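A structural walkthrough
If you want the building blocks of each chain, they are given just below.
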Amino acid sequence: IMGCCFSDAPVGIVRRAFSNQKNMELKHFKPAEFTEDLRPVFDKMHPDFLLKLDTCRDLCGIPFAITSSYRSPEKNRRVGGSPGSMHLKGRAVDITCPDGVTRAIIMKTALNLGLSVGVMRNGLRLDDREEQIVFHYYPKYGEGKAEGE
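Our subject in this report is the structure included herewith.

Criteria and thresholds
- Residues numbered from 1 in each chain as written.
- Predicted model: local features only at pLDDT ≥ 70, side-chain atom pairs only at ≥ 80, totals over all residues.
- Heavy atoms only, no water.
- Helix = DSSP H or I, 4+ residues; strand = E, 2+ residues; numbered from the N terminus.
- Contact = heavy atoms within 4.5 Å.
- Disulfide = S-S within 2.5 Å.
- Buried < 20%, exposed > 50% of the residue type's maximum accessible area, 1.4 Å probe, protein only.
- Expected span 1.5 Å × (residues − 1).
- Polar contact = N/O pair within 3.5 Å; in protein donor to acceptor, adjacent residues only side chain to side chain.
- Salt bridge = Lys/Arg side-chain N within 4 Å of Asp/Glu carboxyl O.

Take the environment of A92 next. Tracing the backbone shows A92 in strand β4 (residues 92-96). Taking the C-alpha atoms as reference points, A92 and L50, separated by 42 residues in sequence, lie 9.1 Å from one another. The residues touching A92, leaving out its near neighbours within four places in the chain, are M45, F49, S68, S69, Y70, M86, H87, R125, L126 and D127.

This is the structure:
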């Protein structure tokens, strides 16, 4: 994956358009992987984001275990999500990362595809907001420990 960049992405995967999301088939993800409290929410995910996510997974060569995808406003409030969360738009997923090497490969690939990346203790948030950023969920340096430490 070293040297991976957007121009390496399979153009057909990134630029495909679907008139009906129910007909959308991804190479690496099944609709059942996109749930909210065990209810299917694949139909609430944005097709352009799904194509970027599938391309990212393809280029990484590493399975992604999705822990959060689309969130309803109620669910987003329950988990303390931002009122403008990309999860509310079906344009974000949280995935687990078992180690730092895996995290680095996914981050580099996602960033090269134009995705934003949020760093969590055991995972990453990938989204496709308008202005690309990298962010984290840790407390500011010197301001104590993160929750659960």
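This part is about the state of the cysteines. Taken as a whole and assessed by the stated rule, the structure comprises zero disulfides. C56 carries a free sulfur, and the closest cysteine sulfur to it, the one in C60, is 4.2 Å from it. The thiol of C97 is not disulfide-bonded; the next cysteine sulfur, from C60, is found 9.2 Å away. Relative accessible area serves as the criterion here: at 6%, C97 is assigned to the buried category.

With 13 residues, helix α4 (residues 100-112) ought to run about 18 Å at 1.5 Å a step, and its terminal C-alpha atoms sit 18 Å apart, in line with that. Residues of α4 that are buried include every one of T102, R103, I106, M107, T109 and A110, and no others. In this structure, the buried side of α4 is in contact with α2 (47-60), β4, β5 (116-120), β6 (123-127) and β7 (134-136). Its side-chain oxygen at 3.1 Å from the backbone nitrogen of V101, D99 defines the N-terminal cap of α4. Positive backbone phi, approximately 90°, marks G114, located one or two places after α4.

On to the pattern of salt bridges, then. Scanning the entire structure with this criterion turns up nine salt bridges. Notably, a salt bridge pairs D37 with R78, separated by 2.5 Å at the nearest N-O pair. Of the two residues, D37 sits in the loop between β1 (35-36) and β2 (39-40) while R78 sits in helix α3 (residues 73-78), which places them 41 residues apart along the sequence. In this structure, D128 engages R91 in a salt bridge whose closest nitrogen and oxygen atoms are separated by 2.7 Å. With a gap of 37 residues between them, D128 in the loop between β6 and β7 and R91 in the loop between α3 and β4 connect regions that are remote in the sequence. In this pair, the class of D128 matches that of R91, namely buried. Within this structure, D37, K75 and R78 form a network of salt bridges that share partners.

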